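# Structural description and commentary
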Amino acid sequence: MLTTPTQSSVAHDQRHYDIVSIAFHWLTAVLVVTLFLLAEVWDFLPHGTPLRHSLQGLHISLGILLSATLATRLIWRIWFGRKLSPVISGPPYWVARGAHHLIYALLIGQIALGYIFRWTQGEAFSFFDLFSIPALISPDKAAARLVGDFHNFLGWTIIVLVCGHAVVALLHHYVLRDDTLKRMLPNRAKHSSF
């Protein structure tokens, strides 16, 4: 039997992002952390080993997945996602908003650098061996080293910002005791029977 949501449940829904936005948020987080860890792990492996090559292939495929996820996430956020009122105001609001925009900008830059890095290396660029990304740039080993260094630096920058983002979310939850973190978690009350 279908029921109409009560005034209380509708108000409660307005305190959470929609499930698609939440899924995109956590998928992005998992991909970013996984991509970073893969790059750090293969750095400890000798060049030319099968495991190093496999980890790099996985990194490339997940990077392509991140680019599709981020593009879809931004489209969803701009046109379809639930818009919530800010929990904070004044300078803290503008700092938080600026940090979010910076993370998005750095992720877009990191994805672009990843593509350029692979193209300048002149190596295979495929998504789990299902399809290949055609090269838009001629191989250039000197450029590849420079782009690779920027890609690595930006990876560390993103991880530091993402860790800061997580720490601030936990600070809101455990110290300030507001609903900032809960907004990005599924609304369990909607599915609860009590």
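Reference entry: report on the structure contained in this document.

## Some thoughts on the overall build of the chain
A tally of helices and strands in the chain yields five helices and two strands. Its helices and strands taken in sequence order, the chain reads α-α-α-α-β-β-α from the N to the C terminus. Counting only residues that meet the buried cut, the chain has 32% of its 194 residues in that class. Across the chain, every contact between residues at least 6 apart in sequence was considered, and the portion connecting residues at least 24 apart equals 72%. Accessible surface, the chain: about 12,900 Å² in total, of which carbon and sulfur atoms supply 70%.

## Overview of the packing of helix α3 (residues 50-80) against helix α4 (residues 91-121)
Across the interface, α3 lies against α4 with an axial gap of 10 Å and an inter-helix angle of 145 degrees. The hand of the α3/α4 crossing is left-handed. Each of Ile60, Ile64, Leu66, Ser67, Leu70, Arg73, Leu74 and Arg77 in α3 lies in contact with α4, whose residues at this interface are Tyr104, Leu107, Ile108, Ile111, Tyr115 and Arg118. Split by residue class, the contact of α3 with α4 holds ten nonpolar, one polar and three charged.

## Things to note about a nonpolar patch on the surface
The grouping of Leu170, Leu171, Tyr174, Val175 and Leu176 at the surface amounts to a nonpolar patch, some 510 Å² of accessible area in total. Counting through the fold element by element, Leu170 comes out in helix α5 (residues 141-176). Given the relative accessible area of 44%, Leu170 is considered partly exposed.

## What about the packing of aromatic side chains?
This model, assessed by the stated rule, comprises eight aromatic pairs. What links up through ring pairs into an aromatic cluster is the set Tyr115, Trp119 and Phe125.

## Brief notes about the layout of surface pockets
If you add up the space inside the largest pocket, you get close to 1,600 Å³. Taken together, 44 residues line the largest pocket, and the ones lying closest to its centre are Tyr17, Arg77, Ala96, His100 and His165. Sort the elements by how many residues they give to the lining of the largest pocket and α4 lands first, with eleven residues. In the lining of the largest pocket, the residues fall into 28 nonpolar, ten polar and six charged. In this structure, the second largest pocket encloses a volume near 850 Å³. Among the elements of the structure, α2 (19-42), α3, α4 and α5 are those that each provide at least two residues to the lining of the second largest pocket.

Cut-off values and rules
- Throughout, residues of each chain are indexed from 1 in the direction in which the sequence is written.
- Only residues with pLDDT of at least 70 get local features here, since the model is predicted, and only at 80 or more are side-chain atom pairs given and counted; chain-wide, interface and lining totals rely on the full set of residues.
- Only heavy atoms go into the side-chain values, all of them from the structure, while hydrogens and water stay out.
- Every helix listed is a DSSP run of H or I at least four residues long, and every strand listed is a run of E at least two residues long, numbered separately from the N terminus.
- Throughout this description, buried means an accessible area under 20% of the type-specific maximum (1.4 Å probe, protein chains only), exposed means over 50%, and partly exposed covers the range between.
- What makes two residues a contact is simply this: any of their non-hydrogen atoms within 4.5 Å.
- Shrake-Rupley sampling with a 1.4 Å probe provides the accessible areas, and residues are treated as covered by the protein chains on show and by no other component.
- Angles shown run from 0 to 180 degrees and are taken between the N-to-C directions of axes, each axis being a line fitted to C-alpha atoms and, for helices, limited to the stretch in contact.
- Crossings are assigned a handedness: left-handed for a near helix turned anticlockwise from the far helix by less than a right angle, right-handed for a clockwise turn.
- In the scheme used here, Gly and all other residues not listed as nonpolar or charged are polar, with Ala, Val, Leu, Ile, Met, Phe, Trp, Tyr, Cys and Pro taken as nonpolar and Asp, Glu, Lys and Arg as charged.
- Residues with no salt bridge and a relative accessible area higher than 30% make up the patches, which join like charges within 9 Å and nonpolar side chains (Val, Leu, Ile, Met, Phe, Trp, Tyr) within 5 Å.
- The salt bridge criterion pairs a side-chain nitrogen of Lys or Arg with a carboxyl oxygen of Asp or Glu, the two atoms within 4 Å.
- Here a pair means two rings of Phe, Tyr or Trp (six-membered ring of Trp) with centres within 6.5 Å. Their orientation is stacked below 30 degrees between planes, edge-to-face above 60, and tilted elsewhere.
- In this analysis the probe radius is 1.4 Å and the grid spacing 1 Å, with only protein atoms considered; a cavity is a set of points the probe fits into but cannot get out of, a pocket is an open set with protein on both sides within 12 Å along at least five of seven lines, and lining residues have an atom within 4 Å of a point.
- Grid points are joined across faces, edges and corners, and a volume is the space filled by probe spheres set on the points.

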